[in-house]
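Here are the chains, one letter per residue:
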There are 2 protein chains.
Amino acid sequence: MDKPTIDFWISIGSTYSYLSVMRIEQVAKATGIDFRWRPFSVRAIMIEQNNVPFRGKPVKMNYMWRDIERRAQLYNLPARLPAPYPLSEFDLANKVAIVGEDFDWGKAYIQATYRRWFQNGEEAGLEPNLSESLREAGQRPEAIIEQARSEAVERRYQQATQHAKSSGIFGSPTFVVNGEVFWGDDRLEDAISWLRHGRIEPG
Amino acid sequence: MDKPTIDFWISIGSTYSYLSVMRIEQVAKATGIDFRWRPFSVRAIMIEQNNVPFRGKPVKMNYMWRDIERRAQLYNLPARLPAPYPLSEFDLANKVAIVGEDFDWGKAYIQATYRRWFQNGEEAGLEPNLSESLREAGQRPEAIIEQARSEAVERRYQQATQHAKSSGIFGSPTFVVNGEVFWGDDRLEDAISWLRHGRIEPG
């Protein structure tokens, strides 16, 4: 009775995650795979592991935007780049996702957040993005944001991040299939292949 | 009369470059594309840009080896991992490639170097890898290594690196198509698509 499942570890604030967040529902439909969205703090892990990807690295940062622009075009996704980066309210954006983790509105909130961030230039985690994305997801912003600021959610956020870290995750998006870690939107197809065949097969 | 051409910027010492070095001739045959192999010092650029990928980042380093192992299997390439890393004679390995840049033996030397490094565990740039790879490529090691240590070759190496840097290159392998930069073995297909269609198309 269990549908095949891939854990989709996602931190709002990661740029390449835009591609996965926007295409993964379609991939789920096409493949019959269930993706379990798991918000966490990639920033905490990156700081701890001295693995900050773009800050102070302008050449690599410029390349990242161009690479995302080309790949967004591949997936027929609009993109107004560069999007505001890095996020000033990274943790709040992700703690709201933690509140919604076990509900369908959690995904809808993350999708709306990325759409506003990458298509309209509204920074994720700030107003108007934060409240409007919650409204789009059918939630009352004030209530959810208050919950997101609670100690209970802080604890869940830290636990999720600890779980990610102990799974060998150091970036977002990351896909985990039977303990096998695949980092990056460009490894989504590898993860699917791994689930089906236990190895990567030609696409 | 010109064959379509992609610049293939390669630094011996880069781990993911193993995949490109070993599969690119087959890709060239299958596509009719001419790849121009261009050795340079990715290390000099990475140090200057504060963009060192794996040193002091054990989690990311472990992931890199596993990712290469899975992708080597995809391409039917044997791999004994982790291979010795980083290289103690990085520059010498690449300066020998500079000596061979305009000759067919230059490619053969790089291929032999990577094969010995990733399949036999012989560190690139050190003996026996260095001399044996040159012999496999049909060269007399002593003469070539002496030339590689000359000031003329040091100058060409620095010029190649400067050229790479001014093209926006910060990693190896990098593919350049009409000024468009594609970084990583996993972007080779994007580069080919760009050459053919001026955009990335589904694979």
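Scroll up for the structure.
Since we're looking at a predicted model, the values are computed, not measured. (Residues numbered from 1 in each chain as written. Chains lettered and ligands numbered in written order. Predicted model: local features only at pLDDT ≥ 70, side-chain atom pairs only at ≥ 80, totals over all residues.)

Undergrad: For this particular structure, what's the right way to read the environment of Leu77(B)?
TA: Residue and element names in this part refer to chain B. If you trace the backbone, Leu-77 turns up in the loop between helix H3 (58-74) and helix H4 (90-99). Separated by 20 residues in sequence, Leu-77 and Lys-57 have C-alpha atoms that sit 26 Å apart. When near neighbours in sequence (up to four residues on either side) are disregarded, Leu-77 contacts Met-22 and Ala-72. (Helix = DSSP H or I, 4+ residues; strand = E, 2+ residues; numbered from the N terminus. Contact = placed C-beta atoms within 7 Å.)

Undergrad: It is not clear to me how the interface of chain B and chain A should be interpreted in this structure. Could you clarify?
TA: Interface size, as often reported, equals the accessible area lost upon joining of the parts. Between chain B and chain A, the contact holds 22 residues from the first and 22 residues from the second. Broken down by class, the residue content of the side of chain B that touches chain A amounts to 8 nonpolar, 7 polar and 7 charged. (Nonpolar A, V, L, I, M, F, W, Y, C, P; charged D, E, K, R; others polar.)

Undergrad: What is the right way to look at the relation of the copies chain B and chain A in this model?
TA: Both copies of the chain are tied together by a single rotation about an axis and a shift running along it. Expressed as a screw transformation, the operator carrying chain B onto chain A has a rotation angle of 180 degrees and an axial translation of 0.0 Å, and the superposed copies differ by an RMSD of 0.0 Å. Here the two chains are linked by the operation of a two-fold rotation axis. It is Gly203(B) whose C-alpha, among those of chain B, lies nearest the rotation axis, at 3.7 Å. Taken together, the interface assignments show that 100% of the residues at the interface of chain B recur at the interface of chain A, consistent with an identical surface on both copies. (Least-squares fit on C-alpha atoms with pLDDT ≥ 70 in both.)

Undergrad: Teacher, can you tell me more about H3(B) here?
TA: Because an α-helix packs 3.6 residues into every turn, residues spaced three or four apart end up facing the same way. Its 17 residues place the ends of H3(B) 24 Å apart at the C-alpha level, agreeing with the 24 Å of an ideal helix rising 1.5 Å per residue. Of the residues making up H3(B), those classed as buried are Tyr63(B), Asp67(B), Ile68(B), Arg71(B) and Ala72(B). On an axial view of H3(B), the arc spanned by its buried residues comes to 165 degrees, and they lie on one face. If you follow the buried residues of H3(B), they end up packed against strand S4 (180-183) of chain A together with helix H1 (17-31) of chain B. Positioned one or two residues after H3(B), Asn76(B) has a phi angle of 55 degrees, which is positive. (Expected span 1.5 Å × (residues − 1). Buried ≥ 20, exposed ≤ 12 C-beta atoms within 10 Å, placed from the backbone. Arc of directions from axis to C-beta.)

Undergrad: Help me understand the sheet that holds strand S1 (residues 5-10) of chain A in this model?
TA: The strands that make up a sheet pair up through hydrogen bonds in the backbone, lying either parallel or antiparallel. All names here are of chain A. The strand order across the open sheet formed by 4 strands is S2-S1-S3-S4, and the pairing between neighbours is mixed. Two strands lie at the open edges of the sheet, namely strand S2 (34-39) and S4, each paired on one side alone. Taken pair by pair, the neighbouring strands of this sheet meet at an average axis angle of 25 degrees, ignoring direction. In this structure, S1 lies alongside S2, joined through 6 bridges in parallel fashion. Bridge pairing in S2 places Ile-10 opposite Pro-39. Most of the contacts of helix H9 (residues 188-197) go to strand S3 (residues 174-177), to which it runs at about 5 degrees, and overall it touches S1, S3 and S4. (Pairing = 2+ DSSP bridges. Axes fitted to C-alpha atoms, helices over the stretch in contact; angles between N-to-C directions.)

Undergrad: Which parts of the structure should I look at to understand unusual backbone geometry?
TA: Cis geometry is found at the peptide bond from Ser172(A) to Pro173(A), where omega equals 0 degrees. At Asn50(B), a residue that is not glycine, the phi angle is positive and equals roughly 50 degrees. Accessibility expressed as a C-beta count within 10 Å gives 11 for Asn50(B), which makes it exposed. With a phi angle near 50 degrees, Asn178(B) is a residue other than glycine that sits in the positive phi range. Checked against the element boundaries, Asn178(B) lands in the loop between strand S3 (174-177) and strand S4 (180-183).

Undergrad: What is the right way to look at the packing of helix H6 (residues 129-136) of chain A against helix H7 (residues 141-148) of chain A in this model?
TA: Helix-helix packing: each pair is described by the crossing angle between the helix axes and the interaxial distance. All names here are of chain A. Orientation of H6 relative to H7, taken along the N-to-C sense of each, is 115 degrees, at an axis distance of 9 Å. Comparing their axes, H7 and H6 come out roughly perpendicular. Crossing handedness for the pair H6 and H7: right-handed. Residues Leu-130, Ser-131, Leu-134 and Arg-135 of H6 form the contact with H7, whose participating residues are Pro-141, Ile-144 and Ile-145. Class assignment for the residues of the contact of H6 with H7 results in 5 nonpolar, 1 polar and 1 charged. (Parallel < 35°, antiparallel > 145°, perpendicular 65-115°, else oblique. Left-handed = near helix turned anticlockwise from the far one by under 90°.)

Undergrad: Quick question: what am I supposed to make of H1(B) here?
TA: Residues and elements named next belong to chain B. With 15 residues, H1 should reach 21 Å at 1.5 Å per residue; the first-to-last C-alpha distance of 20 Å fits that figure. Along its length, H1 reaches its greatest deviation from straightness, about 45 degrees, at Arg-23. Among the residues of H1, Ser-17, Tyr-18, Leu-19, Ser-20, Val-21, Met-22 and Ile-24 are the ones counted as buried. Tucked inside the fold, the buried residues of H1 contact strand S1 (5-10), strand S2 (34-39), H3, helix H5 (104-120) and helix H9 (188-197). One or two steps after H1, the chain reaches Gly-32, where phi turns positive at roughly 75 degrees. (Bend = angle between axes of the 7 residues up to and from the residue.)

Undergrad: Even after reading the chapter, I still don't get the sheet that holds S4(B), so can you show me in this structure?
TA: All names here are of chain B. The 4 strands are arranged S2-S1-S3-S4 in an open sheet whose pairing can be described as mixed. The sheet terminates laterally at S2 and S4, the two strands that pair on one side only. Between one strand axis and the next, the sheet turns through 25 degrees on average, direction left out of account.

Undergrad: Before we go on, may I ask you to explain the environment of Phe35(A) in this structure?
TA: Residue and element names in this part refer to chain A. When you line up the elements, Phe-35 lands in strand S2. Measuring from C-alpha to C-alpha, the distance between Phe-35 and Pro-4 comes to 8.6 Å, with 31 residues separating the pair along the chain. Excluding residues within four positions of it along the chain, Phe-35 makes contact with Ile-6, Phe-8, Ile-24 and Ala-28.

Undergrad: Sorry if this is basic, but what is going on with the pairing of S3(B) here?
TA: Regular strands have side chains that alternate between both faces of the sheet. All names here are of chain B. The side-chain alternation of S3 yields two buried faces, one formed by Thr-174 and Val-176 and the other by Phe-175 and Val-177. Inspection of the sheet shows S1 paired to S3 by 3 bridges, in the antiparallel sense. By the bridge assignment for S3, Trp-9 is matched with Thr-174. Of the strand pairs in this sheet, S3 and S4 are connected by 4 bridges, and their pairing is antiparallel. Pairing of Val-176 across the sheet is with Val-181, part of S4. Taken together, S3 and the strand that follows it, S4, pair antiparallel across an intervening segment of 2 residues, in which Asn-178 is found at a positive phi of about 50 degrees.

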